[in-house]
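# Geometric and topological summary
One-letter residues, chain by chain:
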Protein chains: 2
Amino acid sequence: MILKKKKIFNDFAASKGLRSTRQRDIILDIFLSTHQHISVEELYLKVKSSNPGIGHATVYRTLKLFAEAGLAREILLHDGQTRYEHVVAGEHHDHLVCTGCNLIIEFEDETIEKLQNEIAARHGFLINSHKMEIYGLCANCRR
Amino acid sequence: MILKKKKIFNDFAASKGLRSTRQRDIILDIFLSTHQHISVEELYLKVKSSNPGIGHATVYRTLKLFAEAGLAREILLHDGQTRYEHVVAGEHHDHLVCTGCNLIIEFEDETIEKLQNEIAARHGFLINSHKMEIYGLCANCRR
DNA sequence: TATAAATTGAAATTGAATATCAAAAGCATG
DNA sequence: CATGCTTTTGATATTCAATTTCAATTTATA
Ligand SMILES: [Mn+2]
Ligand SMILES: [Mn+2]
Ligand SMILES: [Zn+2]
Ligand SMILES: [Zn+2]
């Protein structure tokens with residue numbers, strides 16, 4: 001799985017004429033070792049702890065490349081921090097976000113996706129992406 | 001319609017013990033005269049053109065009050081600018097956003113709303129709000 | 001190895017949004 | 001309509017994420 005993702009990035013890099021660098025390898029390794037929805041700052045700190053030399057700008061730049069390569073998806077919730085999550089080929093999901101404890105639950109709903117497509121078609125839109133987030137309180141935070 | 005909205009704000013202000021100020025009246029008038037999805041900066045410039053004395057901070061503060069009063073809804077699209085739209089009592093809609101020309105089309109879909117409620121309930125969530133945006137190219141921008 | 005081009009990272013900059021705080025304005029009271 | 005207290009305002013500073021800059025370093029290719 002991890003190897004496959006590395007291959008995806010290498011192929012992307014090759015197709016774009018990007019050079020292979022130690023920094024990108026490290027950042028990719030660490031990104032792949034994390035769980036979902038990590039903020040750039042969190043990842044930067046993780047990277048820095050084992051590789052103090054790697055800079056802020058490089059982490060930002062590299063995560064954008066991962067998104068472009070299809071490895072990562074950028075998600076903007078309501079906390080002013082850009083987060084990235086892992087893309088699983090052929091899968092899509094949206095988010096339930098607890099405003100109490102920041103818990104994020106993923107869900108997918110085919111009917112909603114289909115309706116979205118219909119709505120876009122009805123208005124002549126060619127869909128590129130969509131975002132859907134439901135904000136509220138999770139079971140724990142309700143009481 | 002406009003009078004009704006002004007009353008809503010006045011009642012809100014009264015209930016909160018807020019004072020009535022020239023600035024808030026002006027900003028409300030101008031907000032109510034605009035169309036949907038205006039950014040804070042856009043509104044600020046509009047306000048300043050007829051009332052050069054009114055400051056940046058006051059516009060930000062006042063728009064937050066409008067949202068709190070239920071007159072306005074804050075919307076965060078993918079351009080880093082907070083926008084506000086008019087709230088129509090009892091109505092809700094989501095957005096189709098053209099990444100080519102920034103056209104925004106509003107839509108509502110009861111089935112989607114119902115499914116969202118079901119999903120939240122299934123996970124024990126108490127919904128506070130949700131956002132759903134579909135990004136793509138509008139009919140014009142497609143060609 | 002030499003050369004050209006891409007990459008990096010410290011530091012500066014940007015841009016939206018908020019905080020600060022002295023001055024001004026609103027409001028209740030006599 | 002003056003007094004005194006509280007809220008509001010707005011110029012300015014500050015914050016914070018993110019981007020830009022650019023000299024130095026690294027990579028790829030010959
Ligand atoms: Mn997710
Ligand atoms: Mn709208
Ligand atoms: Zn929670
Ligand atoms: Zn368009």
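The structure contained in this document is the topic of the report that follows. (Residues numbered from 1 in each chain as written. Chains lettered and ligands numbered in written order. Predicted model: local features only at pLDDT ≥ 70, side-chain atom pairs only at ≥ 80, totals over all residues. Heavy atoms only, no water.)

### A word on the protein's contact with DNA strand C
Close to DNA strand C lie 18 residues; R19, T21, T58 and R61 of chain A together with T82 of chain B are nearest. A share of 74% of the atoms of DNA strand C within 4 Å of the protein falls on sugar and phosphate groups. Contact distances for DNA strand C include 3.2 Å between a phosphate oxygen and a backbone N or O atom of G55 of chain A. At 2.7 Å from a phosphate oxygen of DNA strand C is found a side-chain nitrogen or oxygen belonging to Y60 of chain B. Listed by contribution, the elements that provide at least two residues to the surface near DNA strand C are α2 (22-33) and α4 (56-69) of chain A together with α4 (56-69) of chain B. Sort the elements by how many residues they give to the surface near DNA strand C and α4 of chain B lands first, with three residues. The class makeup of the residues in the surface near DNA strand C is four nonpolar, nine polar and five charged. (Near = heavy atom within 4 Å. Polar contact = N/O pair within 3.5 Å; in protein donor to acceptor, adjacent residues only side chain to side chain. Helix = DSSP H or I, 4+ residues; strand = E, 2+ residues; numbered from the N terminus. Nonpolar A, V, L, I, M, F, W, Y, C, P; charged D, E, K, R; others polar.)

### Some remarks on the packing of aromatic side chains
Residue and element names in this part refer to chain B. The full count for this structure, using the stated rule, is six aromatic pairs over all chains. Summarising the aromatic geometry, the rings of F31 and F66 are spaced 5.8 Å apart at their centres and angled 35 degrees between planes, so their arrangement reads as tilted. Of this pair, F31 sits in helix α2 (residues 22-33) while F66 sits in helix α4, and the two are 35 residues apart along the sequence. Of the residues examined, F31 reaches a relative accessible area of 0% and is grouped as buried. (Phe/Tyr/Trp six-rings, centres within 6.5 Å; stacked < 30°, edge-to-face > 60°. Buried < 20%, exposed > 50% of the residue type's maximum accessible area, 1.4 Å probe, protein only.)

Read these as geometric descriptors, not functional statements.
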